[in-house]
Amino acid sequence: MAEEKQVTEVAAYERVICQIKDVLGARLVTAPDGSIGEIHIMAGSNRSPKQIVRDVESALLIQLGVTVDHKKISVVQVDEREMPGEVAEERLPYRAAGISLRVVSINLFTRGLEAEVTVELGGRPDGDVYQGFASGPNFPSHHLRLVAEATLNAVEKASLGKWRLALEDLALVEVAHRRAAVCVIVLVRREGYEYLAGVSLIKGDERRAAAEAVLKAIKYFTFEHWQER
């Protein structure tokens, strides 16, 4: 429970920092006692690093009541125009828009009549990995559904149990002479439930496309959906 609380607090700090103007991404490193050890920030080049550091100090103090020594804050500036979309997606895992999860590995195990899928999702580079599981009847047309269900299980773990997710449907379709995986999932929260849809083009690996379709469905939810309301 203490570890989960620390993860939640770190995420809250990063969310606040990512709301600051020109901040593209943030990563907070904690000391052994759980206090703030280092804050690494990626920012645009429109403002000086000193301005950004001052804004970070003020934002954390006002919103979270936390005082941070400016010496613990480092800022690296980049030109956003020179960052391709896919590269930016990988390098900026925490943004005001939400948390980015990526597929680390997918494994399928079969034992007689049963099949089991393990999906690992990464929360950020060199950071936490969330492992999801799903099992069911062992027949080929059902394997992709198990991949999607295991992905949902990993997402639930990444949300620290604040979400419940269910796979409504998964299908392979052809569009514009390309094959794609399309999924519809149900997100259940205290406020109620809603349907989300995601699609991922198949680039040689149907299983990865099924997992990525699930991630596309949740990709544009704001960070606040990961927090207890």
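Residues numbered from 1 in each chain as written. Predicted model: local features only at pLDDT ≥ 70, side-chain atom pairs only at ≥ 80, totals over all residues. Heavy atoms only, no water.

Let us now look at the overall build of the protein. The helix and strand inventory of the protein stands at five helices and 11 strands. At a minimum sequence separation of 6, the contacts of the protein that also span at least 24 residues come to 48%. For the protein, the exposed surface amounts to about 12,800 Å²; the carbon and sulfur share of it is 51%. (Helix = DSSP H or I, 4+ residues; strand = E, 2+ residues; numbered from the N terminus. Contact = heavy atoms within 4.5 Å. Areas by Shrake-Rupley, 256 points an atom, 1.4 Å probe, with all protein chains shown as cover.)

Turning next to the sheet that holds strand 11 (residues 192–201). What the three strands build is an open sheet, ordered 9-10-11; its pairing is antiparallel. The sheet is open, and its two borders are formed by strand 9 (164–175) and strand 11, each paired with just one other strand. Each strand of the sheet is rotated relative to its neighbour by a mean of 15 degrees, with strand direction disregarded. Sheet topology note: the strand 10 (residues 178–189)/strand 11 ladder contains 10 bridges and is antiparallel. Paired with Val 188 across the bridge in strand 11 is Tyr 193. Docked against the sheet, helix 4 (residues 140–158) engages strand 9 and strand 10, running at close to 140 degrees with respect to strand 9. Against the sheet, helix 5 (residues 206–218) contacts strand 9, strand 10 and strand 11, and its axis sits at roughly 135 degrees relative to strand 11. (Pairing = 2+ DSSP bridges. Axes fitted to C-alpha atoms, helices over the stretch in contact; angles between N-to-C directions.)

Here we come to helix 5. In this model, helix 5 (13 residues) spans 19 Å end to end at C-alpha, consistent with the 18 Å of a helix rising 1.5 Å per residue. All of the buried residues in helix 5 are Ala 209, Ala 210, Ala 211, Ala 213, Val 214, Leu 215, Ala 217 and Ile 218. As for helix 5, its buried residues are in contact with strand 6 (102–111), strand 7 (114–122), helix 4, strand 9, strand 10 and strand 11. You can read the cap of helix 5 off the contacts: a side-chain oxygen lies 3.0 Å from the backbone nitrogen of Arg 207, and it is on Asp 205. (Expected span 1.5 Å × (residues − 1). Buried < 20%, exposed > 50% of the residue type's maximum accessible area, 1.4 Å probe, protein only. Polar contact = N/O pair within 3.5 Å; in protein donor to acceptor, adjacent residues only side chain to side chain.)

What follows concerns the packing of aromatic side chains. This structure, assessed with the given rule, holds one aromatic pair. Between Tyr 193 and Tyr 195, the aromatic rings sit 6.1 Å apart at their centres with planes inclined by 80 degrees, giving edge-to-face as the arrangement. (Phe/Tyr/Trp six-rings, centres within 6.5 Å; stacked < 30°, edge-to-face > 60°.)

Take the pattern of salt bridges next. Per the stated rule, a full pass over the model turns up seven salt bridges. Across the salt bridge formed by Arg 164 and Glu 156, the nearest N and O atoms sit 3.1 Å from each other. Glu 156 gets classed as buried once you look at its relative accessible area, which sits at 13%. Put simply, Arg 179 and Glu 206 hold a salt bridge, and the shortest N to O gap is 2.8 Å. Taken together, the positions of Arg 179 in strand 10 and Glu 206 in helix 5 put the pair 27 residues apart, joining distant regions of the chain. (Salt bridge = Lys/Arg side-chain N within 4 Å of Asp/Glu carboxyl O.)

Another point: the environment of Gly 198. Its place among the elements puts Gly 198 in strand 11. Separated by 15 residues in sequence, Gly 198 and Cys 183 have C-alpha atoms that sit 5.4 Å apart.

Looking now at the confidence of the model for the protein. Predicted confidence across the protein gives a mean pLDDT of 78, with 79% of residues reaching 70 or more. Predicted confidence is poor over residues 222–229, with pLDDT under 50, and the contacts of this stretch with residues over four places away or in other chains come to 26 contacts. (pLDDT = per-residue confidence, 0-100.)

Moving on, we get to the packing of helix 4 against helix 5. Look at helix 4 against helix 5: their axes get within 9 Å of each other, and the N-to-C directions meet at 40 degrees. As the angle between them shows, helix 4 and helix 5 are arranged oblique. Like other packed secondary-structure pairs, helix 4 and helix 5 cross with a definite hand, here right-handed. Of the residues in helix 5, those touching helix 4 at Leu 144, Val 147, Ala 148, Thr 151, Leu 152 and Val 155 are Glu 206, Arg 207, Ala 210, Ala 211, Val 214, Leu 215 and Ile 218. Residues belonging to the contact of helix 4 with helix 5 are distributed by class as follows: 10 nonpolar, one polar and two charged. (Parallel < 35°, antiparallel > 145°, perpendicular 65-115°, else oblique. Left-handed = near helix turned anticlockwise from the far one by under 90°. Nonpolar A, V, L, I, M, F, W, Y, C, P; charged D, E, K, R; others polar.)

Moving on: the sheet that holds strand 2 (residues 36–43). The three strands lie next to each other as 1-2-3, forming an open sheet whose pairing is mixed. If you trace the sheet from one side to the other, it starts and ends with strand 1 (23–30) and strand 3 (73–77), each paired once. Across the sheet, the mean angle from the axis of one strand to that of its neighbour is 15 degrees, orientation sign disregarded. Judged from the five bridges that link them, strand 2 and strand 3 form a sheet pairing that is parallel. Looking at strand 3, one finds that Ile 39 is bridged to Ile 73.

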